[in-house]
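# Descriptive structure summary
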Amino acid sequence: MTLQKLFITDIADSGAGIAWRQAAGRSVRVFVPGGLPGDVLEARLMPGPAGSHSLSARPERFLQRSPSRREKPFCPQACVCGGCPLAALSYPAQLDFKRRRLAELFRDIVPEGLIRPVLGLEPGERPVRNKALLHFAGRSEALSVGLYAPGSHRVLEQTARCPQCPAWMGETALAVARAGAKLGLGAWDERRLEGALRALLMRDAGEGGRLAALVTGEKLSAQALSCIREAMRSAGVTSASVCVNSEPGNAPLRGEMTPILGDGSVRVSLCGLGFRVRPETFLQVNPLQTPRLYDLALSLAQIRPQDRVLDLYCGVGTLTLLAARQAREAFGVEIVRASVEEAERNAEANGIRSARFACGPAAGILPEIARAGFSPRIVIADPPRKGLEAGVAEAICALRPEKVVYIACGPGALARDCRRFAQLGYRVSALCPVDLFPETLHVETVALMSRVEGK
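What counts, and where the lines are drawn
Residues numbered from 1 in each chain as written. Predicted model: local features only at pLDDT ≥ 70, side-chain atom pairs only at ≥ 80, totals over all residues. Heavy atoms only, no water. Helix = DSSP H or I, 4+ residues; strand = E, 2+ residues; numbered from the N terminus. Rg over C-alpha atoms; globule rule 2.2 N^0.38 Å. Contact = heavy atoms within 4.5 Å. UniProt positions renumbered as here; feature names shortened; annotations may be inferred. Buried < 20%, exposed > 50% of the residue type's maximum accessible area, 1.4 Å probe, protein only. Expected span 1.5 Å × (residues − 1). Pairing = 2+ DSSP bridges.

The name given to the protein chain in an unreviewed UniProt entry is 23S rRNA (Uracil(1939)-C(5))-methyltransferase RlmD, with Mesosutterella faecium as the source organism.

The helix and strand tally for the protein chain stands at 10 helices and 21 strands. For 455 residues, the compact-globule estimate of 2.2 N^0.38 gives 23 Å, and the protein chain sits close to it at 24 Å. For the C-alpha atoms alone, the extent of the protein chain along its principal axes is close to 70 × 65 × 40 Å. Long-range pairs, those at least 24 residues apart, make up 66% of the contacts in the protein chain with a sequence separation of at least 6.

Our next topic: the UniProt feature "active site" (unreviewed entry) in the protein chain. The sites that UniProt annotates as "active site" (unreviewed entry) are Cys409. Taking the relative accessible area as the measure of exposure, Cys409 reaches 14% and is therefore buried. In this structure, Cys409 is in contact with Pro383, Pro384, Arg385, Val443 and Glu444, ignoring residues within four places of it in sequence.

The next thing to look at is helix 2 (residues 91-105). Between its terminal C-alpha atoms helix 2 stretches 21 Å, which fits the 21 Å expected from 15 residues at 1.5 Å a residue. Residues of helix 2 that are buried make contact with strand 2 (10-11), helix 10 (411-423), strand 20 (426-434) and strand 21 (444-451).

Here we take up the sheet that holds strand 3 (residues 17-23). The six strands are arranged 1-5-6-4-3-2 in an open sheet whose pairing can be described as mixed. The open sheet has two edge strands with one neighbour each: strand 1 (3-7) and strand 2.

The next subject is the environment of Ile109. With respect to the helices, strands and loops of the structure, Ile109 is situated in the loop between helix 2 and strand 7 (131-137). Sequence separation between Ile109 and Pro248 is 139 residues; the distance between their C-alpha atoms is 42 Å. Setting aside its immediate chain neighbours within four residues, Ile109 contacts Ala415, Cys418 and Arg419.

This is the structure in structure tokens:
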């Protein structure tokens, strides 16, 4: 391993710094963990495959630190857990980086003047997550709980408390781990498919309550559940459920939720409406930025009282109901049955009668909507990170809406889908990034697409 002087110029999708060096007459990209644009450092190059266009390097000594580098990361575990790869970068520099990355993705389809500055947090706004999913490891008295190490299922010590989340979540996780150890319970072993404590999901609803959902690999005794329930209650949890799931895979919440405290749900206030949320239903994770995101999306939509609005991937009906307050009718589509059930309850609880919902994949329901004669002037879509499934853009355009408001947590998928909409006669007229995930590489983005005249 040779020592090289490297100049960091960019950040990779992994969060590592990027430097370039000449080797054998060609440019080779070098990934440097912990490097930030503006850093100059000495690093040891790691040997790579012959002819590779990229290498990795281990930083040894800083010669010059980036002017955008924070003196102290906001979290001592940031360089360990991998959840906040931009934690060493100043917040204004984070926002600038995210906008530049967005401009690169859209440079061939959107003039840079249409890309707004990233809507960021106000100074001092923390914490920024209303949801945490932690995992258990170890047996009995050695039981621990925390986040997975990057790219693995190895639980990291000292990560139950995260400054991105409310303090009660860490306290609850540690209380459950102590109770489990006292009961002699071990953690779930995914190789042997055995063990008791698997994962703990928590949601914060502010004044609407604190929710916890414990996933176990086996059915616990009534005594064990009582002990765990009291541990949760002592940490301030107001509603809790347990889910038994002994199936392999990365979806621990698969299975029936059985309430052990309250009714297993909490009620979230958002933009003047109340929404009942369960462990398995979707809700945006940033309680500070979500109202700003939705206000932005609805302002771009410019809904009129006579309009019909279609909301795809509607979750528990947040945007559907917010749109229904302004429109003649709003129709929400969601594939998760539990979310649709909650959306219907939320509409009733908020006294909104101009909203209705359908459960199923967007690609299957959109043709049914077209055959039924539902003609929306505005379509709102907030799909998962992978973006729209095959055929959904075409099905949306077959309805001939004037506007499509697309909310994306994956800018790459958004760029791909915007290119498809362009082929179908829709032009991006605004691109508005919102920072829902500070300290990370992610940026939520709202794209307004308008139908081109004559198309």
